Amino acid sequence: MDLDPEGIFRDDSDEDDDNVQEREANKDMVVYLVDASPKMFTAATTQADEKQETHFHTIVNCITQSLKTQIIGRSYDEVAICFFNTKEKKNLQDLAGVYVYNVGDRDPLDRPTAKLIKDFSCIEDSFTSSIGSRYGITAGSRENTLYNALWVAQALLRKGSVKTVSKRILIFTNEDDPFGAITGAVKTDMIRTTIQRAKDAQDLGLSIELLPLSRPDEEFNMSLFYADLIGLDGDEITEYLPSAGEKLEDMADQLRKRMMKKRRVKTLSFAITNDVCIEVNTYALTRPTTPGTITWLDSVSNIPLKTERSFICNDTGALLQDPQMRFQMYNDTVVKFSVRELSEVKRVSSHHLRLLGFKPLDCLKDYHNLRPSTFIYPSDEHIFGSTRVFVALHSSMLRLGRFALAFYGNPTRPQLVALVAQEEVTSSTGQVEPPGMHMIYLPYSDDIRYPEEVHVTSEGAPRATDEQIKKASNLLKRIDLKKFSVCQFANPALQRHYGILEALALGEDEMPDIKDETLPDEQGLARPGVVKAIDEFKASVYGENYDQEEAEAAAAKASRGDTSKKRKALADAASLKSAAYDWAELADNGKLKDMTVVELKSYLTAHDLPVSGKKEALISRILTHLGK
């Protein structure tokens, strides 16, 4: 059996760390628990000039947008939509006041589909007639609809292991006290059993989150019940408290942020010293978004095809397993390696991330960041005490103004990285920037170019004057974007691509309007201060009469273009006229002298020959060209 020695040092098991679309490991299962009580259908705004929208309408729109995003970026995640405080009931446990929404042949907890998104976006039109709304827990009733909803959600999330699947329950409500209508021992018992049901779900690895919405007349009070339900205390409650005067669209943005949970890319072992090793999780931050990969389908059944690789023996044609031995030719000798031996040969470090030392932050330059960085955060899941060691290292780096130099990478691509500590940033609405470290991938020596060296010794290189530099600086100050972020602008080509796919999948008649946010701000550039700065800079570089000279040059160019077009038209007409005669036969029979001068010139023009002279000169020129 012949083996290809070219790929001997290629490790098929290594992950491609250079792929900017870093793979996210965990699958996400989410159950949306939506309160359907009559309070959710009251107007969410009190101002007369604002559009009257209900909290239920806001939740439906937010979940719809979340499903659209999910079906593009994380299509293998699974979701379920469940209403509680409903008149009708639909669940496997046959519990009152809980309605699990679904469409077609889809399982209650399954991947989002185009039909689910299309039907759910229009649920408000038929909700009252098909599902119905009722008040929650009322006096004299032992039915605890919130308890039932948590039970149903837990049952929906029973499949899958919590080690490989992230399971979440998202509760949407504007009622901060679901037990407000009852009192005494009955209320105490209901609160105790509901909180115990939530704790039981959390003990099984389920995460419970709340999306509170404040009504216009009162602010949502977490301390009444839901803080105990989801296990919050102290400062953690403030991030769940929306402002009572918050606009509806701002509340929708907050819901989208809470829905889109940041998932870890991978878990790394971080060696501080030979004896101290901690565990950290990595998260991909800003990454360029690209269209989804092409999926090959069977031409008959339309089922996705699966690609398999097989090894076949050249001698016998037998199907083999992945070869356990590889070889490399060395000095006309076959040197055999096992897969394990190759792994040991290529191993540079026993850990994914190893600390090498510290350097001042001034040594880290902007041009050292050649690719998007990765955010790292400690984890005590497998190595207890990792957070404590990480916090000590993090605080010391911030205090001393240092960054950590570390080794990172797999055996196929070892690389130096810079770990830059980031301090936590908070605002009135909660955490803005988390504490942690940014892992910046440092370049190799040949990754850095020095284009300025080309012009350092060149005497003919153009140099800007002080006046030109001053005008350019003034222009940049005028058109500088305040608080600029690359996240503010969407890729218009990508938005149109997914907009077309969405319209086709949902059966919409019209394509969505895509706003190109990368186009210049014509209104902003037309401001008097900006126009003046542009004119001054242009005058300092090109001169005062540049516009007039440019207009004259354009006019001259247009004139030359018209002349060339006329000349080409005449040549085409001459070629067409000349093609009507057999010039070789006319020359052999001596009939060229019988033709007119205009006809003779048509031949000369068609073949790009001079047309000056008398008739005899024209005939002689034609005979010479024909070789007669």
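The structure presented is a predicted model; accordingly, all values stated were derived computationally and were not measured.

As a further point, take the UniProt feature "domain: SAP" (unreviewed entry) in the protein. Under the present numbering, the feature "domain: SAP" (unreviewed entry) in UniProt falls on residues 592–626. Its end C-alpha atoms 12 Å apart, residues 592–626 is made of 63% helix and 0% strand.

This part covers the pairing of strand β15 (residues 415–422). Of all 8 residues that make up β15, 7 are buried, and the element is covered over most of its length. Bridge analysis of β15 against strand β18 (residues 436–441) gives 6 bridges, and the strand direction is antiparallel. Residue pairing for β18: V420 is matched across the bridge by H438.

A few words on the sheet that holds strand β2 (residues 78–84). The 5 strands lie next to each other as β3-β2-β1-β4-β5, forming an open sheet whose pairing is mixed. Only two strands of the sheet have a single partner each, and these edge strands are β3 (98–101) and β5 (206–212). The average undirected angle you get between the axes of adjacent strands in this sheet is 20°. Most of the contacts of helix α2 (residues 114–121) go to β2, to which it runs at about 25°, and overall it touches β2 and β3.

Under the defined criterion, the tally for this structure stands at 12 aromatic pairs. Their ring planes at 75° and their centres at 6.3 Å tell us that Y147 and W151 sit as a pair that is edge-to-face. Taken together, the positions of Y147 and W151, both in helix α4 (residues 145–156) and 4 residues apart, correspond to about one turn of that helix. Assessed through its relative accessible area of 21%, Y147 is described here as partly exposed. Taken together, the ring pairs connect F41, F56, F83, Y101, F120 and F127 into an aromatic cluster.

Reading guide: rules and limits
Residues numbered from 1 in each chain as written. Predicted model: local features only at pLDDT ≥ 70, side-chain atom pairs only at ≥ 80, totals over all residues. Heavy atoms only, no water. UniProt positions renumbered as here; feature names shortened; annotations may be inferred. Helix = DSSP H or I, 4+ residues; strand = E, 2+ residues; numbered from the N terminus. Buried < 20%, exposed > 50% of the residue type's maximum accessible area, 1.4 Å probe, protein only. Pairing = 2+ DSSP bridges. Axes fitted to C-alpha atoms, helices over the stretch in contact; angles between N-to-C directions. Contact = heavy atoms within 4.5 Å. Phe/Tyr/Trp six-rings, centres within 6.5 Å; stacked < 30°, edge-to-face > 60°.

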